[in-house]
Amino acid sequence: MDAVMAAEADEIERAAEAALRPRRLADFVGQRVVRDQLSLVLDAAVARHRQPDHVLLAGPPGLGKTTLAMIIAGEVGAALRLTSGPAITHAGDMAAILSALQENDVLFIDEIHRLARPAEEMLYLAMEDFRVDVVVGKGAGATAIPLSLPPFTLVGATTRAGLLPAPLRDRFGFTGHMDFYEVADLERVLHRSARLLAIELDDEAAHEIASRSRGTPRIANRLLRRVQDWAQVRGTGVADVAAAHAALDVFEVDPRGLDRLDRAVLRSLCERFSGGPVGLTSIAMAIGEEPETVETVAEPFLLREGFLSRTPRGRVATPAAWRHLGLPVPDGGPSRLFD
């Protein structure tokens, strides 16, 4: 997929994002409900002179879960330890991480739903009783040695909350469900980022970038940097609306936020398969992509925007998809497509 519209970040982009992350909850833009709830949890913990309850942050990638984990540590004056679920493959890995924690540390585990089962089961006891049992030896001679842990706060982030087992999910004292951003909130994010990056960004350009960012701050900041590139190399140096239009055209991001992959999926459905229904594998083969890429990267946005529908017989293009591509809706309209 074209990386410019991917919600995930690579190592280089994470380094770029670090300079743009807010440090305090008051500076965090958007997610008003989660922000207010989290503020209450943290203020109460500070007033009681104890560590906050364990926190689970759930939502699509790029919405600020890692940033909120850093803010939690900053608000309570604690050290932050970062790791990820896929990196913890054995119970011994989890034991090593937990035993290295200091009192009141904040442990952030990204993609926590991908923890290995032995590590996950060790985490249950650590979250509840601040203790782990380290097994020494094998077979009949194996002995479990209890190891006490200092009080700590676990912050887990997941893009697939439904994959979390109930025993783990129930041990979190607070769960924040993060949703896609409104355009107005993304405009505020862009203006803040522009100030930090010393970019001259006008209001019209901010609105144009925000409206094409799929409700995701990470994508908005990425598009801002591409508009800055165009303005400096081919424009006047100012990120105005003309620079925004030109840069987004270069990177094939259309006014609804669809990119090359999204349009390829829709064109395949409408032009090759007459609107469907058609299976995922057939679509992927038609556009030369892996089925997993189509299902996890393109489909969620197309479904959310109403361009695509899933039926028991396969994927179907909605009338909105035909209109977006400039194609006439087939005779019979929606009823024909969903029969």
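Quantities reported herein were computed from a predicted structural model and do not represent experimental measurements.

Student: Would you mind showing me how to read the overall build of the protein chain here?
Tutor: A count of helical and extended segments in the protein chain gives 15 helices and nine strands. Evaluated residue by residue, the protein chain yields a buried proportion of 45% over its 339 residues. Considering only contacts within the protein chain whose residues lie at least 6 apart along the sequence, 68% involve residues at least 24 apart. Put simply, the protein chain shows about 16200 Å² of open surface, and 51% of that area lies on carbon and sulfur atoms.

Student: Help me understand the sheet that holds strand 6 (residues 153-158) in this model?
Tutor: Within a beta sheet, neighbouring strands are joined by backbone hydrogen bonds and run either parallel or antiparallel to one another. Here five strands make up an open sheet; going across it, the order is 2-3-6-1-7 and the pairing parallel. Among the strands making up the open sheet, the edge pair consists of strand 2 (80-84) and strand 7 (174-177). Adjacent strand axes in the sheet meet at a mean angle of 15° when their direction is disregarded. By the bridge criterion, four bridges tie strand 3 (residues 106-110) to strand 6 in an arrangement that is parallel. The residue bridging L107 from the neighbouring strand is L154, located in strand 6.

Student: For this particular structure, what's the right way to read the nonpolar core?
Tutor: Soluble globular proteins tend to bury their nonpolar side chains together. Of all hydrophobic cores here, the largest spans 43 residues; its most connected members are L38, L68, V155, L201 and I209. Here this core takes six residues from helix 9 (residues 217-233), the largest share from any one element. Discounting residues that sit within four places of it in the chain, L201 has contacts with L190, H191, A194, A206, I209, L224 and A239. Residues M122, Y124, A126 and F172 belong to the second largest nonpolar core, which totals 23 residues.

Student: Looking at this model, I keep getting lost on the packing of helix 9 against helix 10 (residues 241-250). Mind explaining?
Tutor: Interaxial distance between helix 9 and helix 10 falls to 9 Å at its minimum, and their mutual angle equals 110°. Considering their axes alone, helix 9 and helix 10 lie roughly perpendicular with respect to each other. Facing helix 9, whose interface residues are L223, R226, V227, W230 and A231, helix 10 presents A243, A244, A246, A247, L248 and V250. The class makeup of the residues in the contact of helix 9 with helix 10 is 10 nonpolar, no polar and one charged.

Student: Looking at this structure, I do not really get the packing of helix 4 (residues 91-99) against helix 5 (residues 117-129). What am I missing?
Tutor: Helix-helix packing is characterised by the crossing angle of the two axes and by the distance between the axes. Running from N to C, helix 4 and helix 5 point in directions that differ by 35°, and their axes come no closer than 7 Å. Handedness of the crossing formed by helix 4 with helix 5: right-handed. For the pair formed by helix 4 and helix 5, the contact residues are A91, M94, A95 and L98 on the first element and P118, A119, M122, L123 and A126 on the second. Classifying every residue of the contact of helix 4 with helix 5 gives nine nonpolar, no polar and no charged.

Student: How should the packing of aromatic side chains be read in this particular structure?
Tutor: In this description, an aromatic ring pair is defined by two values, namely the gap between the centres and the angle between the planes. Enumeration according to the criterion identifies one aromatic pair in this entry. Residues F130 and F152 carry aromatic rings whose centres are separated by 5.5 Å and whose planes lie at 80° to one another, so their mutual orientation is edge-to-face. Placement of F130 in the loop between helix 5 and strand 4 (131-136) and of F152 in the loop between strand 5 (143-148) and strand 6 is noted, with a sequence separation of 22 residues between them. Cation over ring: R214 sits above F301, and NZ or CZ is 4.1 Å from the ring centre. Of note, R304 hangs over the ring of F180, and the distance from its end group to the ring centre comes to 3.7 Å.

Student: Please clarify how unusual backbone geometry should be interpreted in this entry.
Tutor: The phi angle of most residues is negative, glycine excepted, and most peptide bonds adopt the trans form. Phi is positive for E111, which is not a glycine, with a value near 50°. Along the chain, the position of E111 falls in the loop between strand 3 and helix 5. For F130, which is not a glycine, the phi torsion comes out positive at approximately 50°.

Student: Which parts of the structure should I look at to understand helix 13 (residues 291-304)?
Tutor: Three or four residues apart is the spacing at which side chains of an α-helix point the same way, because the helix has 3.6 residues per turn. With 14 residues, helix 13 should reach 20 Å at 1.5 Å per residue; the first-to-last C-alpha distance of 19 Å fits that figure. At A298, helix 13 shows its maximal bend, which comes to roughly 45°, and the proline P300 appears one to four places after that position. Buried within helix 13 we find T293, V294, A298, E299, F301 and L302. Buried residues along helix 13 sit in contact with helix 11 (260-272), helix 12 (280-287), strand 8 (308-311) and strand 9 (314-317). Immediately beyond the C-terminal end of helix 13, within one or two residues, lies G306, with a positive phi of roughly 80°.

Student: Can you walk me through the confidence of the model for the protein chain in this structure?
Tutor: Low pLDDT marks regions whose predicted coordinates should not be analysed in detail. In this model, the protein chain carries an average pLDDT of 84, and 89% of its residues clear a pLDDT of 70 or more. Under a pLDDT of 50 for its full length, residues 333-339 has, in the predicted model, 17 contacts with residues more than four places off or in other chains.

Criteria and thresholds
Residues numbered from 1 in each chain as written. Predicted model: local features only at pLDDT ≥ 70, side-chain atom pairs only at ≥ 80, totals over all residues. Heavy atoms only, no water. Helix = DSSP H or I, 4+ residues; strand = E, 2+ residues; numbered from the N terminus. Buried < 20%, exposed > 50% of the residue type's maximum accessible area, 1.4 Å probe, protein only. Contact = heavy atoms within 4.5 Å. Areas by Shrake-Rupley, 256 points an atom, 1.4 Å probe, with all protein chains shown as cover. Pairing = 2+ DSSP bridges. Axes fitted to C-alpha atoms, helices over the stretch in contact; angles between N-to-C directions. Core = buried A, V, L, I, M, F, W, Y, C linked by side-chain atoms within 4.5 Å. Parallel < 35°, antiparallel > 145°, perpendicular 65-115°, else oblique. Nonpolar A, V, L, I, M, F, W, Y, C, P; charged D, E, K, R; others polar. Left-handed = near helix turned anticlockwise from the far one by under 90°. Phe/Tyr/Trp six-rings, centres within 6.5 Å; stacked < 30°, edge-to-face > 60°. Lys NZ or Arg CZ within 6 Å of the ring centre and 35° of its normal. Expected span 1.5 Å × (residues − 1). Bend = angle between axes of the 7 residues up to and from the residue. pLDDT = per-residue confidence, 0-100.

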